[in-house]
Amino acid sequence: MKFGKYVQDELFAIIAGVLFWLVLTVFFAFFYISFSFILFMTVLFLFFAISVLLWGFFRRRKFYNQLFQNLDRLDQKYLLLETLDKPDFYDGELLCQAFYEMEKSMCENVRSYQHSMNDFKEYIEMWVHEVKIPISSLLLMCHNNQDTIAPKYARQIRRLSQYTDQVLYYVRSEHAANDYVIKKEQLGKLVKKAVIQNKEDLLENKIDIHVEEIGQTVMTDGKWFEFILNQILNNSIKYKSDKRQPVIHIFAEDLPSMTILHVKDNGIGICEGDLPNVFKKSFTGENGRHHAKSTGMGLYIVKKLCKSLGHGIEIKSVAEEYTEVIFAFVKNDYYFIS
Amino acid sequence: MKKILVIEDDVAIRQELSELLENASYEAAVLEDFVNAKNAILAAGADLILLDINIPGLNGELLLREIRKETDVPVVMVTSRDSEADEVLSMSYGADDYITKPYNPTILLLRISAILKRAEHTASVCHYKDLCINSAKGVLKKGEEELFLTKNEMIILQVLLDKQGVIVSRDELMTALWDNNEFVNDNALTVNISRLRAKLAEFGYEDMIETRKKQGYLLV
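Since we're looking at a predicted model, the values are computed, not measured.

A few points about the overall build of chain A
Then, number 1: Looking only at helices and strands, one finds eleven helices and seven strands in chain A.
Then, number 2: For 338 residues, the compact-globule formula gives about 20 Å, and the C-alpha radius of gyration of chain A, at 35 Å, lies well above that figure.
Then, number 3: The burial tally for chain A puts 40% of its 338 residues in the buried class.
Then, number 4: Summarising the internal contacts of chain A: among those between residues at least 6 apart in sequence, 70% fall at separations of at least 24.
Then, number 5: Total accessible area computed for chain A in this model is approximately 20400 Å², and 60% of it derives from carbon and sulfur atoms.
Then, number 6: Side-chain charges in chain A split into 40 positive and 41 negative, and the spacing between the mean points of these groups amounts to 1 Å.

Here it is in structure tokens:
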């Protein structure tokens with residue numbers, strides 16, 4: 001709070017004071033009151049006037065400086081009111097009252113959005129579970145009538161199932177509060193499950209899959225990580241190169257502080273310019289435009305899920321050569337305290 | 001023939017599941033009235049139960065706990081709820097396995113046969129004609145003569161042995177191999193089968209494995 005500005009604001013009071021002094025002085029002069037008395041009155045008047053001005057300034061400055069400092073330091077600025085001392089002047093009190101009303105109405109607003117988001121999330125989850133029932137029936141029907149139903153139908157149903165899974169995990173990644181259980185999992189088993197899930201697509205696309213012996217255990221949510229691997233394998237299948245025999249190589253390594261899982265393919269790769277953006281929402285890039293149709297959501301969801309689970313994820317790639325997805329699982333003794 | 005009880009409220013799935021199980025030469029029974037589920041289940045005397053968690057009017061997890069008080073029959077939970085928490089809960093109530101919809105039918109059958117085998121405590125040694133097959137060691141014995149099979153060949157033979165007299169599709173063999181971390185492709189499967197045949201022929205068992213065109217293989 002600047003003193004100059006404050007003085008400007010109080011200009012009317014100051015002018016009134018000066019006028020009052022002038023009138024008084026002229027009045028005194030009429031009655032031949034001694035000059036020294038007028039001087040004394042003037043000094044006294046000035047002393048009181050300046051005191052009142054400064055007092056008003058300082059008590060406001062204390063409040064407003066705190067207000068702006070806290071506003072600067074807060075990352076959630078709407079909490080400002082809670083951090084302020086109660087002002088001891090009237091206009092400050094009015095301001096706080098207004099703040100309070102604003103905060104309350106905003107909280108109510110946010111709350112109603114939260115409610116509707118939660119309702120929506122619950123509905124989507126329920127819907128996905130419901131829609132999996134007909135998908136299951138269809139898959140079973142295809143399997144039971146293999147001689148009359150061509151495999152292409154089953155393929156489309158599998159796609160349908162993958163897209164519904166994506167919706168489910170998108171919702172979960174946006175509201176990851178209580179949906180996951182982190183426990184000791186055998187990494188090799190999770191990899192196997194994800195690979196078997198994609199068995200038909202891998203075989204149809206004639207992709208060779210090499211999985212090295214993976215004996216490590218990691219702390220993760222099995223279901224979530226299976227979905228993550230599934231997305232990565234889907235991408236490898238989708239973006240295989242037609243110029244060579246497609247191969248996906250999966251292997252793990254053990255470092256002192258973490259376990260690393262590599263999923264490496266020899267597909268079309270990702271061009272250098274696109275690489276920093278692959279985890280961004282709705283980013284499709286060169287590959288999404290020219291090759292397979294892409295929603296740009298898969299890797300975004302994967303990244304978010306990894307973040308919630310506390311796994312590192314990184315993608316290395318050279319266009320036309322390979323794409324390698326690297327997961328890092330931190331080894332933390334904290335988890336093993338029972 | 002093993003009897004499998006299907007507890008599932010969706011009629012379409014129920015029918016398809018029984019058909020799938022019957023095609024795989026199991027006897028399939030379905031529970032249609034869920035009012036007195038526990039008694040009906042116990043009365044059915046099944047060798048294995050496929051239990052859906054979401055059945056109107058009763059909670060699959062609680063039902064499982066009730067069943068567990070009475071019998072040790074293997075139970076596979078089948079559900080579209082696929083959170084880790086549900087799985088942990090089901091397993092703690094005594095489920096033998098937990099499979100989420102939409103399941104791959106071949107994998108479902110593989111799991112069922114694995115659990116039934118586990119429940120029977122079958123030894124890893126079985127017999128075919130005058131052959132003695134030790135699958136854990138990968139050795140076939142005829143009197144004093146021994147024949148060593150590779151891991152893949154043994155897996156293939158084991159699946160065929162388990163379903164002796166029934167046609168086994170390539171998909172089933174493939175799934176069994178992949179389930180044992182042998183991610184072979186179509187060509188490799190063909191090669192493995194012909195090697196297995198050649199080895200068996202050398203051992204004096206020609207035409208032990210028959211090919212049924214477009215259907216699969218058959219151990220005769």
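Now, onward.
A look at the sheet that holds strand E7 (residues 322-330) of chain A
All names here are of chain A.
Then, number 1: Read from one edge of the open sheet, five strands run E2-E4-E5-E7-E6, paired in mixed fashion. Each edge of the open sheet carries a strand with a single partner, namely strand E2 (208-211) and strand E6 (312-318). Ignoring which end each strand starts from, the neighbouring axes of this sheet average 15° apart.
Then, number 2: Of the pairings in the sheet, the one linking strand E5 (residues 258-265) to E7 comprises eight bridges and is antiparallel in character. Bridge pairing in E7 links Val263 to Val325.

With respect to the pairing of E5 of chain A
Residues and elements named next belong to chain A.
Then, number 1: With respect to burial, E5 is a largely interior element, six of its eight residues being buried.
Then, number 2: Where strand E4 (residues 247-254) lies against E5, seven bridges are found, and the strand directions are antiparallel. Across the sheet, the residue bridging to Ile250 is Val263, located in E5.
Then, number 3: Where E4 folds back on E5, the antiparallel hairpin that results is connected by three residues.

Considering the sheet that holds strand E9 (residues 131-134) of chain B
All names here are of chain B.
Then, number 1: Taking strand neighbours across the sheet as the criterion, the four strands line up as E8-E9-E10-E11 in an open arrangement whose pairing is antiparallel. Edge positions in the sheet fall to strand E8 (125-128) and strand E11 (145-148), since each has one partner strand and no second. Strand-to-strand, the axes of this sheet are offset by a mean angle of 25°, without reference to chain direction.

A word on the interface of chain B and chain A
Then, number 1: If you look at the interface, chain B gives 36 residues, while chain A gives 35 residues.
Then, number 2: Broken down residue by residue, the surface that chain B buries against chain A is led by Glu84, Trp178 and Phe183 of chain B, which jointly contribute 23%.
Then, number 3: The interface formed by chain B and chain A includes four salt bridges.
Then, number 4: Salt-bridge contacts for Lys192 of chain A lead to Asp179 of chain B; the nearest nitrogen and oxygen are separated by 3.5 Å.
Then, number 5: Between the two partners, chain B and chain A, sit eleven residue pairs in polar contact (both at pLDDT 80 or more).
Then, number 6: Broken down by secondary-structure element, the contributors of at least two residues to the side of chain B that touches chain A are helix H1 (11-23), helix H4 (84-92), strand E7 (97-100), helix H5 (105-120) and helix H7 (170-179) of chain B.
Then, number 7: Residue contributions to the side of chain B that touches chain A peak at seven residues, all from H1 of chain B.
Then, number 8: In the side of chain B that touches chain A, the residues fall into 15 nonpolar, nine polar and twelve charged.

Description of the environment of Leu21 of chain B
Residues and elements named next belong to chain B.
Then, number 1: Residue position: Leu21 is located in helix H1.
Then, number 2: Through-space distance from the C-alpha of Leu21 to that of Asn39 is 23 Å; in sequence the pair is 18 residues apart.
Then, number 3: Not counting residues up to four positions away in its chain, the partners in contact with Leu21 are Ile4, Val6, Tyr26, Ala28, Leu50, Leu109 and Ile112.

Quick look at helix H6 (residues 151-162) of chain B
All names here are of chain B.
Then, number 1: The terminal C-alpha atoms of H6 lie 16 Å apart, and with twelve residues this matches the ideal 16 Å at 1.5 Å per residue to within 8%.
Then, number 2: Of all the twelve residues making up H6, ten are buried; the element is thus mostly covered by neighbouring parts of the structure.
Then, number 3: Those residues of H6 that sit buried are Asn152, Glu153, Met154, Ile155, Ile156, Leu157, Gln158, Val159, Leu160 and Leu161.

Points about unusual backbone geometry
Then, number 1: Residue Pro102 of chain B is reached from Lys101 of chain B by a cis peptide bond, and omega for that bond is -5°.
Then, number 2: With respect to the helices, strands and loops of the structure, Pro102 of chain B is situated in the loop between E7 and H5.
Then, number 3: Residues other than glycine seldom take positive phi values, yet Glu320 of chain A does so here, at roughly 70°.
Then, number 4: Residue position: Glu320 of chain A is located in the loop between E6 and E7.

Details of the domain arrangement of chain A
By convention, interface size is frequently given as the accessible area that disappears when the constituent parts associate.
Then, number 1: As assigned here, chain A comprises domain 1 (3-88), domain 2 (115-179) and domain 3 (181-336).
Then, number 2: The centre of domain 1 of chain A, based on its C-alpha atoms, is set 68 Å off from the matching centre of domain 3 of chain A.

Definitions and cut-offs
- Residues numbered from 1 in each chain as written.
- Chains lettered and ligands numbered in written order.
- Predicted model: local features only at pLDDT ≥ 70, side-chain atom pairs only at ≥ 80, totals over all residues.
- Heavy atoms only, no water.
- Helix = DSSP H or I, 4+ residues; strand = E, 2+ residues; numbered from the N terminus.
- Rg over C-alpha atoms; globule rule 2.2 N^0.38 Å.
- Buried < 20%, exposed > 50% of the residue type's maximum accessible area, 1.4 Å probe, protein only.
- Contact = heavy atoms within 4.5 Å.
- Areas by Shrake-Rupley, 256 points an atom, 1.4 Å probe, with all protein chains shown as cover.
- Lys, Arg positive; Asp, Glu negative; His and termini not counted.
- Charge placed at Lys NZ, Arg CZ, Asp CG, Glu CD.
- Pairing = 2+ DSSP bridges.
- Axes fitted to C-alpha atoms, helices over the stretch in contact; angles between N-to-C directions.
- Buried area = accessible area lost by both parts, 1.4 Å probe.
- Salt bridge = Lys/Arg side-chain N within 4 Å of Asp/Glu carboxyl O.
- Polar contact = N/O pair within 3.5 Å; in protein donor to acceptor, adjacent residues only side chain to side chain.
- Nonpolar A, V, L, I, M, F, W, Y, C, P; charged D, E, K, R; others polar.
- Expected span 1.5 Å × (residues − 1).
- Domains from an automatic or database assignment.

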